[in-house]
Structures are given as C-alpha cells and as structure tokens.
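An overview of the molecular structure
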Amino acid sequence: MTGDYLYSPDWARLLADLVVAARARWRRSDLAAAMAEVLDDAEADGTAHRILQAFPREPVDVRATLAGYLVELRSVSEPLSEPQTGALLAASARTPVLWAGLPVLNTPAELASFLDLTIGELDWFADHGNWLRSHRGPLQHYRQRRIAKRSGLRLLEIPKPRLREIQRKLLRTLVSVIEPHPAAHGFRPGRDARSFAAPHAGGPIVLRVDLRDFFASVPGARIRAVFVAVGYPPPIAALLADLCTTATPIAALCGLDPAIAGLLRGRHLPQGASTSPALSNLVLRNTDRRIAGYVARHGLRYTRYADDLAVSGSGFDPAAVRWVIEKIVTDEGFRLHPDKTSVMRSHQRQRLASLVINTRPQVNRSEYDALRALLHNAASTGAAAQNRGGHEHFREHVFGRIGWAGASNPDRRRVLLGLAERVDWSR
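Note that the coordinates shown come from a computational prediction; the quantities given were computed from them, not determined experimentally. (Residues numbered from 1 in each chain as written. Predicted model: local features only at pLDDT ≥ 70, side-chain atom pairs only at ≥ 80, totals over all residues. Heavy atoms only, no water.)

**Some remarks on the sheet that holds strand β3 (residues 205–210)**
- Sheet architecture is open: 4 strands sit in the order β4-β5-β3-β6, paired in antiparallel fashion. In this open sheet, the two strands that pair with only one neighbour each are β4 (301–305) and β6 (342–345). For this sheet the average axis-to-axis angle between neighbouring strands, irrespective of direction, equals 15°.
- Seen against the sheet, helix α15 (residues 285–297) touches β4 and β5 (308–313) and runs at an angle of roughly 155° to β4. (Pairing = 2+ DSSP bridges. Helix = DSSP H or I, 4+ residues; strand = E, 2+ residues; numbered from the N terminus. Axes fitted to C-alpha atoms, helices over the stretch in contact; angles between N-to-C directions. Contact = heavy atoms within 4.5 Å.)

Written out as structure tokens, the structure is:
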C-alpha cells in the first residue's frame, strides 16, 4: 500500500475486519495497531487519525461504518488530514503542507507583511487577549447594530473600515481558496438559494431543519482548527482566527437573550464580517460530510444553505431522519432550532430559502404579482411615489428584485423587464 489513502472496497472491508477482530478501543493508538498488520505504521496512524476525526464516538456498527468510510476517505477528507507518510511528517516540521493555492505564511512577520501591516498593527487588530472587550467606542474594531426578529434581537457586528479591508483580503486570497463540502450552497461562487433548492424540487417528502444561533455558535477555537488543518502553523492559525473573530463588548450584551449573550462573550464569528459566511462553511464541512453520507446510504438528497438544512426523497420517516441529523449536529457542537422544522409533502406547498419548489425553484406567485404591481404603478406615477421603503438606490433595488424573481423563470423575467422599461426612474 502507498500513502494515498484511496482504498478499494475489498481493502476497506479488510481494514474494518481487523479493527473488529482486534476489539480495538476507540482511540488512535489501538485503531492504528489493529490496521498496522497490513499497513505501514505511518499510514495506519494517519488512517486512525482520520477515522477519529470523522467519528469521535464509536459507531454502533463498526464494520459497516468503517468499510463505507474508508472507500471514500480520500475524496471527503484528504485536504484536511495530517501528512500521510513518514517523509511528509518529517518535512512538515520544516515547511507546512498547505492546501493548494494558499499563501505560505510561517511567521507573524510574514503574515504582517502579507496584510501590509506592522507587527504592532497585526497584534492590535488580532486583539489576542480580548483587551478591547471592556473598552468603548473608538478603540473597538466593530460597530454593533441590533435588528429585531420574530423572537428577540439579532446583533450585527460590523467591522470598521481598516479591519474590513484586512478581512476582505483574507477572504479573497485565503479563505475562499479552501473548498467546503459539496453540499454547501451558501456564500459560494456559482451557487445560491436556487442551487440549494433545485435538488429537492418535486420531491415526495422534503424535510427542512434550521441551525440555532448559527454564527455565534462557531467559537474561535473551531476557526483556529480550520487554519491548522489546511497547513498553517498553530501561531499563524491563531492570528488568522483572531483577525476573523471577536468577543462582543460587555455593554453590547445588555438586553440580549442570556443564551445568546453567553455565546457572544467568547470569541465567535461576527455576523457582519465578510469572512464569517465562508468560514462557517468550512467549520461545517464535517457536519455536511456526515449528514450527506447518512442520507446517501438511504437514497436521499441533502443540501445546506447557511443555517438551512434540507433532505428530500421518498419513503422515509422524517422524524427518524431528523433525529439522526440532530445527533450529528449536536455531536459537532451545534443545535437545531426546535421551532423551525418543516416536513413538506408533494400535495403541500414546498418552500426552501423563500422559493417554492413543487415543480422547480421559483419565487412565490404573490411576490411576483406584488413586484409586477409596483412596476405598473411606477410607470403611471413615477418611481419615487412607489419607493415606500425609502431606498437610497431604488432603481437598483427593484432590478435586484427582478433578477431574483426572474432568474428561474424566463417568462416572468421578460414581463418584469418590459414593465421596468416603461418606468421613469428620474421622478
């Protein structure tokens, strides 16, 4: 065997049988010892490490679970694994084994230079010790804004201009280079709400669940782990994570739900930073992999858009599937929202990400009719009279809605654009 971790079905079953026969305890050394009968020591240890990454707790059916996982091991987890051979392990002490395309950053000085910062500025923006958490106003790197929602308040944390530019560079040159799981459709080029919903269109049963307190539930330690996993030395991973996370100032927590405030007190992904959506996809990579593997074994489909998870297919028990998803999500450190589970059958209106998907993903008819009425009225009265929301760039706002409503239905798009041509946008 070589170190590429691409196992044939027969070889995967052999490795699984060795683990079962050895009655190995569910820890790295024992799993590696069982597989070392047919693998070299480095490969056995690396495989054991990957198994524990995928299954922190011993599965009920060890043989079947391992045999299925080992066949697909290379495709689902290769870039996030440890170096795979003794030679690579030795080399990694000198040079990190990076995900392809990432910039080489081995020291704080190199990171500071990469971001056009001094070492002092890098330390200031990273705020390693959360010193700014107890300071007010100008010393803080984020502005807080509260948004009312159905139950309570949502806290937006918006980086100030200098940190915003740093995060944008990290997103463009580093974070976006790392591929999330294929099931993730939010915050990815070429993917959107429609691509998230399309696999479930016309499904006999569609199950939708929602992750609770999505961004606040991603602690800084999980972000550090992502950067370590793709090859950065721990000190650099810590700096990168601190540049992309924050601990909310104490004064900004007043009036929030205590559970949310507890999450926001520690380092977390700020809702409002450009890096947060893409990083959340990377943190959820293992969650996506586990759910996708489970539903695939049962002939179902799975996609995720931010905190919305959707499963569809026929002949399955939605309650049982939700139970398994909840166990996986909880094991990964997240929670399902108890009030946001939907089971939609083919005779009902099926909606995902504000799109009706009974036949194909498209906006609700009432939303399309409302937009058509707005354009018709604007053609008669002028655009300003219909700008009841006080949008600064009303024309762009309306054309954005046209793009959303017409993207999956060319006929609707043609009608709406025809009406828009009759509008005098100058008055």
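**With respect to the side chain of His268**
- Its place among the elements puts His268 in the loop between α13 (258–265) and α14 (276–283).
- A distance of 2.7 Å separates the side chain of His268 from the side chain of Glu157, its partner in a polar contact.
- Within the local environment of His268, its side chain forms a polar contact with the backbone oxygen of Thr246, the two atoms lying 2.9 Å apart.
- Contact partners of His268, with chain neighbours within four places excluded, come to Glu157, Phe215, Ala216, Val218, Pro219, Gly220, Thr245, Thr246, Ala247, Thr248 and Leu263. (Polar contact = N/O pair within 3.5 Å; in protein donor to acceptor, adjacent residues only side chain to side chain.)

**Looking at the sheet that holds strand β9 (residues 362–363)**
- Spatially, the 3 strands line up as an open sheet ordered β7-β8-β9, and their pairing is antiparallel. With partners counted over all chains shown, the strands left at the sheet margins are β7 (351–352) and β9, one partner each.
- Relative to β9, strand β8 (residues 355–356) runs antiparallel, the two sharing 2 bridges. Its bridge partner being in β9, Leu355 is matched across the sheet by Val363.

**Some details on the pattern of salt bridges**
- Tallying each qualifying case throughout the model produces 20 salt bridges.
- When the shortest N-O distance is used, the salt bridge between Arg222 and Glu332 registers 3.9 Å. In this pair, Arg222 sits in helix α11 (residues 220–229) while Glu332 sits in the loop between α16 (318–331) and β6, placing the two residues 110 residues apart along the sequence.
- Among the residues examined, Arg222 registers a relative accessible area of 23% and is labelled partly exposed.
- Take Glu332: its relative accessible area is 10%, and that puts it in the buried class.
- Because the salt bridges share partners, they merge into one network encompassing Arg57, Arg222, Arg290, Asp331 and Glu332. (Salt bridge = Lys/Arg side-chain N within 4 Å of Asp/Glu carboxyl O. Buried < 20%, exposed > 50% of the residue type's maximum accessible area, 1.4 Å probe, protein only.)

**Quick notes on α15**
- In this model α15 runs 18 Å from its N-terminal to its C-terminal C-alpha over 13 residues, within 8% of the 18 Å that 1.5 Å per residue would give.
- With 10 of 13 residues buried, α15 lies mostly within the body of the structure.
- Three or more residues of α15 are buried, namely Arg285, Thr287, Asp288, Arg289, Arg290, Ile291, Ala292, Gly293, Tyr294 and Val295.
- Just downstream of α15, Gly299 is the residue with a positive phi angle, here 70°. (Expected span 1.5 Å × (residues − 1).)

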